[in-house]
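Here's the letter readout for the chains.
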Amino acid sequence: MADLRSDTVTRPTDGMRQAMATAEVGDDVYGEDPTVNALEAEVAAVFGHEAALFCPSGSMANQIALQLLVPPGAELLCDADAHVVTYEMGAAAAYGGITSRTWPAVGAELDPDMVAGMIRPDGYWAVPTRAIAVEQTHNRGGGGVIPLDTLRELRRVADAEQLALHCDGARIWHAHVADEVPLATYGALFDTLSVCLSKGLGAPVGSLVVGTAERIGRARMIRKRMGGGLRQAGILAAAGRYALAHHVDRLAADHAKAARLAEAIAPFGVLAAPVRTNLVPLDLTKAPLDAPALAAAARAEGVLISVLGPRTARLVTHLDVTDAAIDHAAATLTHILRT
């Protein structure tokens, strides 16, 4: 079986399970879990921020960050395919009272000047813009990496308009490995970040909100309000610490496997974008099979892929995909697409 649906399907390695089993724990709601505290301090430090907060999910981490930056009734700008407005069940509006307005989805190829032209200042009887959010790497953008110069220009736009800048960094580790940009360099560009441990890094659960000590203090209250207060969470945090120590550099292997898949299927004209990281996006608009049909045919041969739309699919490489599984997936998909 080659499970290429997502990098969320990984299982803890033996070393990670051992770290979890021996973790020192306490009550995190009281701030007394030493392993959680250590994880939060470590992640804050690598991004050059003052503090971080461990959360059960990436969606919760994102939504906490947005509530820190955008007051109820104000506006967030992001792209139309952003995770925060596509896959988080309307949480910005439902929980934060936040209005969202989007620019056309362009994945990692965003234009800071276009974003600047969308900003609404106070007054004029319009909803004022308070923050901009970007996604690094971009999920529906095929794992694309927003160039560092683009992010710096977007930071200048935000500063000029006195806006906050948030990074949905669920796969920022992949961007770090792909472009060799230090995590602290990314961190310096954003007021808040959310970073995920349970995608490419292979932990079973968990994301963190990163920001100033003052913001993270408020984040702790929002997390509790949203049902995210955890007790002996060090068992989970230990998996995250193990992942940070052992699974970041190895992401390059996932990128290489994705490139092998892309090379195999490129002749069939179904690649939706260049493959930079561990995501292989498929555009089946001109293919004889639509996405559900391709997924069904692949599943029958032991290859699982994600269907993102009628003619859109995705392959994702990760910790649990072996070289043999990549070979099997490549052979299976090329056979299906050829016939």
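All values reported here derive from a predicted model rather than from experimental measurement.

Draft legend 1. A look at the overall build of the chain. Counting its regular elements, the chain contains 14 helices and 12 strands. The C-alpha radius of gyration of the chain comes to 20 Å, within 12% of the 20 Å expected for a compact globule of 339 residues. Dimensions along the principal axes, computed over C-alpha positions, put the chain at roughly 55 × 55 × 35 Å. Taken across its 339 residues, the chain has 54% of its residues classed as buried. Here the analysis covers contacts within the chain between residues at least 6 apart in sequence; of these, 73% occur between residues at least 24 apart. Counting every atom, the chain has about 14,000 Å² of accessible surface; 53% of that belongs to carbon and sulfur. Across the chain, 29 positive and 38 negative side-chain charges occur, with their mean positions spaced 4 Å apart.

Draft legend 2. A look at the sheet that holds strand β9 (residues 279-283). Reading across the sheet, the 3 strands line up as β9-β12-β11 and stay open at both edges, with antiparallel pairing between neighbours. In the strand order of this sheet, the two ends are held by β9 and β11 (306-309), each with one partner. On average, adjacent strands in this sheet sit at an angle of 25° to one another, irrespective of strand direction. Sheet topology places β11 next to strand β12 (residues 312-316); 3 bridges connect them, and they run antiparallel. Opposite V307, over in β12, you have A313 as the bridge partner.

Reading the values: the criteria
Residues numbered from 1 in each chain as written. Predicted model: local features only at pLDDT ≥ 70, side-chain atom pairs only at ≥ 80, totals over all residues. Heavy atoms only, no water. Helix = DSSP H or I, 4+ residues; strand = E, 2+ residues; numbered from the N terminus. Rg over C-alpha atoms; globule rule 2.2 N^0.38 Å. Buried < 20%, exposed > 50% of the residue type's maximum accessible area, 1.4 Å probe, protein only. Contact = heavy atoms within 4.5 Å. Areas by Shrake-Rupley, 256 points an atom, 1.4 Å probe, with all protein chains shown as cover. Lys, Arg positive; Asp, Glu negative; His and termini not counted. Charge placed at Lys NZ, Arg CZ, Asp CG, Glu CD. Pairing = 2+ DSSP bridges. Axes fitted to C-alpha atoms, helices over the stretch in contact; angles between N-to-C directions.

Purely geometric numbers; function is a separate question.
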